Amino acid sequence: MASSAAARRLRLLRDVPRRCLSSSSAAEGLEGGGGRLKIFDRDLKRRHRDRAAWAARETDALADAVAENLLDRLEDCRKAFPSALCLGGSAGAVRRSLRGRGGIEKLIMMDMSADMVRKWRELETATGDKLETHFVVGDEEFLPIKESSQDLIISCLGLHWTNDLPGAMIQQLALKPDGLFLAAILGGETLKELRIACTIAQMEREGGISPRMSPLAQVRDAGNLLTRAGFTLPGVDVDQYTVKYNSALELVEHLRAMGETNALLQRNPVLKRDTALATAAIYQSMFGVMYMTGWKEHPSQQKAKRRGSATVSFSDIQKQFGSNET
């Protein structure tokens, strides 16, 4: 019986049809006739952030680990960043993890949720440092910050909810020349286990699937995103975090507390009880985090040599430094 059930699930996965937007549904996702496709409901995401403001834990192991790894990159820089802008997502975890890194003297914390900004302001007195901190309500897609005014921009687990990720990353306009952009976004195989469980449950009980989880950027795209946004010296690396939960319900509660629940425009607002119970067997999930660094162009930065100007061939280097077989 177990083998036949497994075979049936495998057939269901193979027979999943490719989802295509009809002309009418695609038109609904176009913003104001301007031709820019909208994937996410930003107003709904703001409400998710409002809920997360009171549902979030005082500390979150996942968010704190991502923020800590992101800020480690500041310790690799010799220069200081007197003015910094921290955008949405897990900005609270970034604030807790700063601890004087980067030589930051003035910090602006921004989120699209007024409730979240209010919570950050209330918690600011508990930080115990003398960092000058300002709070702004604003949207990452329409950055309300003066051009060339910041030495550093940090975005921790927030930009993956923007409708135009390359456009949102052109926030280097707010960076001063030789300013640094640091970002961490969810991508790759994030929540792979939950995606598979939800797909199988829907196919078995509903005879089809509907978008329950948002599309995520892949590692191969991250470097292109930085280059397209105009950053120099781009760098991308990936880390994976496996979090164990007692049930899928605990996972969903964690996602709600982080403001990471479904905000797709084409989402199905109804989740049948049988489908939810079948999905609840999942007990752990992997989060894939892509860290991206980029600098705003400045004459002092190192430049790549002209193609063909090398004076030493790779074959000579291999002969001189290649590993010797023992």
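What you see is a predicted model, and the numbers here were worked out from it, not measured in a lab.

Parameters at a glance
Residues numbered from 1 in each chain as written. Predicted model: local features only at pLDDT ≥ 70, side-chain atom pairs only at ≥ 80, totals over all residues. Heavy atoms only, no water. Helix = DSSP H or I, 4+ residues; strand = E, 2+ residues; numbered from the N terminus. Buried < 20%, exposed > 50% of the residue type's maximum accessible area, 1.4 Å probe, protein only. Axes fitted to C-alpha atoms, helices over the stretch in contact; angles between N-to-C directions. Parallel < 35°, antiparallel > 145°, perpendicular 65-115°, else oblique. Contact = heavy atoms within 4.5 Å. Nonpolar A, V, L, I, M, F, W, Y, C, P; charged D, E, K, R; others polar. Expected span 1.5 Å × (residues − 1). Polar contact = N/O pair within 3.5 Å; in protein donor to acceptor, adjacent residues only side chain to side chain.

J.: Summarise unusual backbone geometry; cite the residues concerned and give the values.
T.: Unusually for a residue other than glycine, Arg-99 sits at a positive phi of about 50°. On the secondary structure map, Arg-99 appears in the loop between α5 (91–97) and β2 (106–111). Although it is not a glycine, Ser-148 adopts a positive phi angle of roughly 55°. You can see Ser-148 is positioned in the loop between β3 (132–137) and β4 (150–156). You can call Ser-148 partly exposed: its relative accessible area is 33%.

J.: An account of the packing of helix α3 (residues 42–55) against helix α10 (residues 248–258) is requested, with residue identities and associated values reported.
T.: Here α3 crosses α10 at 105°, and the two axes come no closer than 6 Å. As far as their axial angle goes, α10 and α3 are roughly perpendicular. In this structure, α3 uses Arg-49, Arg-51, Ala-52 and Ala-55 to contact α10, whose residues at the interface are Arg-256, Ala-257 and Met-258. Classifying every residue of the contact of α3 with α10 by side-chain character gives four nonpolar, no polar and three charged.

J.: With reference to specific residues and values, describe α3.
T.: Since there are 3.6 residues in each turn of an α-helix, residues three or four apart along the chain are aligned in direction. Between its first and last C-alpha atoms α3 spans 19 Å; for 14 residues at 1.5 Å apiece the expected length is 20 Å, and the two agree. Buried within α3 are the following residues: Arg-42, Leu-44, Lys-45, His-48, Arg-49, Asp-50, Ala-52 and Ala-53. Summarising the contacts, the buried residues of α3 are in contact with β2, α6 (114–123) and α10. Backbone nitrogen of Asp-43 and a side-chain oxygen of the N-cap are separated by 3.2 Å at the start of α3; the cap is Asp-41.

These figures come from the coordinates and say nothing about function on their own.
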